[in-house]
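Now for the letters of each chain:
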Amino acid sequence: MASSDNPVPSDGLADSGQEVRPEGSSLPAARLRRARTGVALLFLTNGALFANLLPRYPAIMDELRLTNAQFGLAVAAFPFGALVAGLAAAVLIRRFGSGAVAVAGTVLTGAGVLAAGLAPSWALLAGALFAAGAADAVTDVAQNSHGLRVQRLYGRSILNSFHAVWSIGAVLGGLMGAGAILAGLSRGLHLGLSCLVFAGVALVALRLLLPGHDPAAAEHDGRRAAAKATRPGLTVWAVLAALVLIAVSGSLVEDAGSTWSAVYLSGALGAAAPVAALGFVALTGAQFAGRLMGDRLVDRFGQRAVARAGGLVVLAGMGSALVWPSVPGTIAGFAAAGLGVATLVPAAMHTADELPGLRHGTGLTLVSWLMRLGFLCSPPVVGLIADATSVRTGLLVVPLAGVLVLVLAAVLPVRPGLPPARKQPRGTDQASEAGPPPSSASSTSSSSAVP
């Protein structure tokens, strides 16, 4: 247990008799705050880097004389690169540590975004986006891995706050892109400055992160080797498939906003380039607000009810915007879509990680990896539909995603609060894996050593 000279964030764990990891007992609370700040900076840069490129899409599309289908296929290279490289992240993290991998991936992602902005042909554009997507996938896994490491030491959930910071970064990046267009900056200068600034932020974050490898990884591997594996049943795999589709629905809506909002607003609706950038900004800003409220809503109403309400918001908001098209209405529709999907991916990931019969982390890894299919399939599908009909028709995938969530949300927990954590053998640190038990909720808010 922690001494008075080295306080750690307990959130009531000391009162409940649960152990704190040895790593946490040697770290003062101020050090953990620094680590949390470092992870937040990584999420900020990850959201901002790619978002700087999005307002430039219409100009790139025009200069390269791309059809909607060609543009959609080029953009699909980003999630395809993520799918190819995503499973390599675990190997890199075990070899170099999550913090170093996340920072290296951030720098490489920025370089790929810069190359995409300067690409003189469709092939080079697709190749640059493929490389950026591969680096982004590794960064995403590594920064979430380090965030979970810090969360275990806090003894309570803080991962949603990191994803909210990602949304801030995405809004910041979108506004930077729109501002660069207004200022008349060339794409090379704008994206070059963005790459340098956020690479510097990532290097600052590296100094704040926890050093070395995560001690919990070795402990978990030891428990897994000692335990007898239980084969998951068919029902578990069916639930996992539904959770993947829920996560894919969320990613599909996000991609529709990032890839097609500026194209639709500037093309079909005639909005100026800076105004057209506001579609993505509205979606991401509303998603951020939803993530800030998400934990309280889940605690009060349960994940199933919150997800269904979100699906209804997506259906009604974006559906109305497409039925009665206008620039303000479409921006509001994208905002409704962002608000509706705010909690979908965290809900799917958490529920998948608690499925019985799967090794720890298996469900989470599969959902995280397969949800990128939404990013891979959405751009070319919408592009093909847009070429055959219109971008407006292609964007019908957004309200349809809302319908899919309404149907599949039945696999999410109905009770308020998060699903109960998987039971651990006696003597292991449940607090590091799942946070304090429900009975310690009252002490969590009053006795936490780290805010």
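Chemist: Which parts of the structure should I look at to understand the overall build of the chain?
Modeler: Within the chain, the secondary structure is distributed over 23 helices and zero strands. In the chain, which comprises 451 residues, the proportion classed as buried is 53%. Sequence-distant contacts, at least 24 apart, represent 85% of the contacts inside the chain between residues at least 6 apart. Total accessible area computed for the chain in this model is approximately 18900 Å², and 67% of it derives from carbon and sulfur atoms.

Chemist: Would you take a moment to explain helix H3 (residues 29–51) for this structure?
Modeler: Along an α-helix, residues three or four positions apart point the same way, because every turn accommodates 3.6 residues. Between its first and last C-alpha, H3 extends 33 Å over 23 residues, near the 33 Å set by a 1.5 Å rise per residue. The buried fraction of H3 is high, at 18 of 23 residues.

Chemist: Please explain the packing of helix H9 (residues 159–182) against helix H14 (residues 278–301) as it appears in this structure.
Modeler: Packed helices, taken two at a time, are described by the angle between their axes plus the distance between the axes. Two elements in contact, H9 and H14, have axes separated by 9 Å at closest approach and are oriented at 165 degrees. On the basis of the axis angle, H9 is roughly antiparallel to H14. Handedness of the crossing formed by H9 with H14: left-handed. Here Asn160, His163, Ala164, Trp166, Ser167, Ile168, Ala170, Val171, Gly174 and Leu175 of H9 come into contact with H14, specifically with Phe280, Val281, Thr284, Gly285, Gln287, Phe288, Arg291, Leu292 and Asp295.

Chemist: Quick question: what am I supposed to make of helix H8 (residues 122–154) here?
Modeler: Between its first and last C-alpha, H8 extends 47 Å over 33 residues, near the 48 Å set by a 1.5 Å rise per residue. Following H8 by one or two positions, glycine 155 adopts a phi angle in the positive range, close to 80 degrees.

Chemist: How should the side chain of asparagine 144 be read in this particular structure?
Modeler: As for its placement among the helices and strands, asparagine 144 is situated in helix H8. Each residue touching asparagine 144, except ones within four places of it in the same chain, is listed here: Phe43, Leu159 and His163.

Chemist: What exactly am I supposed to notice about a nonpolar patch on the surface here?
Modeler: Nonpolar side chains collect at one region of the surface, where Leu292, Met293, Leu297, Phe301, Val313 and Leu339 lie side by side and expose about 500 Å² of accessible area between them. Looking at the nonpolar patch, the element that brings in the most residues is H14, giving four residues. Tracing the chain through its elements places leucine 297 in helix H14. For leucine 297, a relative accessible area of 33% gives the class partly exposed.

Chemist: Please explain the pattern of salt bridges as it appears in this structure.
Modeler: When the charged atoms of two side chains with opposite charge come close together, those side chains can pair. Scanning all chains against the criterion turns up one salt bridge. Glutamate 63 is the salt-bridge partner of arginine 187, the closest N and O atoms lying 3.0 Å from each other. Here arginine 187, found in helix H10 (residues 187–208), pairs with glutamate 63, found in helix H4 (residues 57–63); they are 124 residues apart in sequence, far enough to count as distant. Classification of arginine 187 as buried rests on a relative accessible area of 15%.

Chemist: Sorry if this is basic, but what is going on with the packing of helix H7 (residues 98–118) against H8 here?
Modeler: Viewed as axis vectors pointing N to C, H7 and H8 meet at an angle of 155 degrees, and their least axial separation amounts to 7 Å. With respect to H8, the element H7 is oriented roughly antiparallel. For the pair H7 and H8, the crossing hand works out as left-handed. Across the interface between the two elements, Ser98, Gly99, Val101, Ala102, Gly105, Thr106, Leu108, Thr109, Gly112, Val113, Ala115 and Ala116 of H7 pack against Leu125, Ala128, Leu129, Ala132, Ala135, Asp136, Val138, Thr139, Ala142, Gln143, Ser145 and His146 of H8.

Chemist: Could you clarify how one ought to interpret the environment of glycine 317 in this entry?
Modeler: By secondary structure assignment, the location of glycine 317 is in helix H15 (residues 303–323). C-alpha separation for the pair glycine 317 and leucine 339, spaced 22 residues apart in sequence, amounts to 9.8 Å. In contact with glycine 317, not counting residues within four places along its chain, are Gly333 and Ala336.

Chemist: So what exactly am I meant to see when it comes to the confidence of the model for the chain here?
Modeler: The predicted coordinates ought not to be read in detail in places where the model reports low pLDDT. For the chain, per-residue confidence averages 79 on the pLDDT scale, and residues scoring 70 or more make up 78% of the total. Taken element by element, the predicted model of the chain shows its lowest mean pLDDT in helix H1 (residues 13–16) (32) and its highest in H10 (95). Counting contacts from residues 1–22, a segment whose pLDDT is below 50, to residues more than four positions away or on other chains yields 57 contacts. This stretch, residues 417–451, has a pLDDT under 50; its non-local contacts, to residues over four places away or in other chains, come to 74 contacts.

Chemist: What am I meant to see in the nonpolar core here?
Modeler: The tendency in soluble globular proteins is for nonpolar side chains to be buried as a group. Within the largest apolar cluster, 67 residues are counted, with the highest numbers of intra-cluster contacts made by Leu53, Tyr57, Leu125, Leu129, Val367 and Leu395. Counting residues per element, this core draws most heavily on helix H12 (residues 234–267), at 14 residues. Those residues in contact with tyrosine 57 that sit more than four places away from it in its chain are Phe50, Phe71, Val75, Leu129, Ser258 and Thr259.

Chemist: It is not clear to me how the side chain of histidine 163 should be interpreted in this structure. Could you clarify?
Modeler: Within the secondary structure, histidine 163 sits in helix H9. Using a relative accessible area of 15% as the deciding quantity, one classes histidine 163 as buried. Only 3.1 Å separates the side chain of histidine 163 from the side chain of asparagine 144, close enough to count as a polar contact.

Chemist: Can you walk me through unusual backbone geometry in this structure?
Modeler: What you tend to see is this: most non-glycine residues have negative phi, and most peptide bonds are trans. Backbone geometry places arginine 65, a non-glycine residue, at a positive phi of 55 degrees. Considering the arrangement of structural elements, one finds arginine 65 in the loop between H4 and helix H5 (68–86). For arginine 65, a relative accessible area of 75% gives the class exposed.

Chemist: I'm lost on the environment of leucine 124 in this one. Help?
Modeler: Positionally, leucine 124 belongs in helix H8. Of the residues examined, leucine 124 reaches a relative accessible area of 48% and is grouped as partly exposed.

Chemist: Is there a simple way to explain the packing of aromatic side chains in this structure?
Modeler: To describe a pair of aromatic rings, one takes the distance between the centres and the angle between the planes. One pass over the structure, following the stated rule, counts five aromatic pairs. Summarising the aromatic geometry, the rings of phenylalanine 71 and tryptophan 260 are spaced 5.7 Å apart at their centres and angled 85 degrees between planes, so their arrangement reads as edge-to-face. Pair noted here: phenylalanine 71 is in helix H5 and tryptophan 260 is in helix H12, with a separation of 189 residues, a long-range link. For the pair phenylalanine 71 and tryptophan 260, one class covers both residues: buried. One aromatic cluster is present, built from ring pairs that chain together Tyr57, Phe71 and Trp260.

About the thresholds
Residues numbered from 1 in each chain as written. Predicted model: local features only at pLDDT ≥ 70, side-chain atom pairs only at ≥ 80, totals over all residues. Heavy atoms only, no water. Helix = DSSP H or I, 4+ residues; strand = E, 2+ residues; numbered from the N terminus. Buried < 20%, exposed > 50% of the residue type's maximum accessible area, 1.4 Å probe, protein only. Contact = heavy atoms within 4.5 Å. Areas by Shrake-Rupley, 256 points an atom, 1.4 Å probe, with all protein chains shown as cover. Expected span 1.5 Å × (residues − 1). Axes fitted to C-alpha atoms, helices over the stretch in contact; angles between N-to-C directions. Parallel < 35°, antiparallel > 145°, perpendicular 65-115°, else oblique. Left-handed = near helix turned anticlockwise from the far one by under 90°. Patch = residues over 30% accessible without salt bridge, like charges linked within 9 Å, V, L, I, M, F, W, Y side chains within 5 Å. Salt bridge = Lys/Arg side-chain N within 4 Å of Asp/Glu carboxyl O. pLDDT = per-residue confidence, 0-100. Core = buried A, V, L, I, M, F, W, Y, C linked by side-chain atoms within 4.5 Å. Polar contact = N/O pair within 3.5 Å; in protein donor to acceptor, adjacent residues only side chain to side chain. Phe/Tyr/Trp six-rings, centres within 6.5 Å; stacked < 30°, edge-to-face > 60°.

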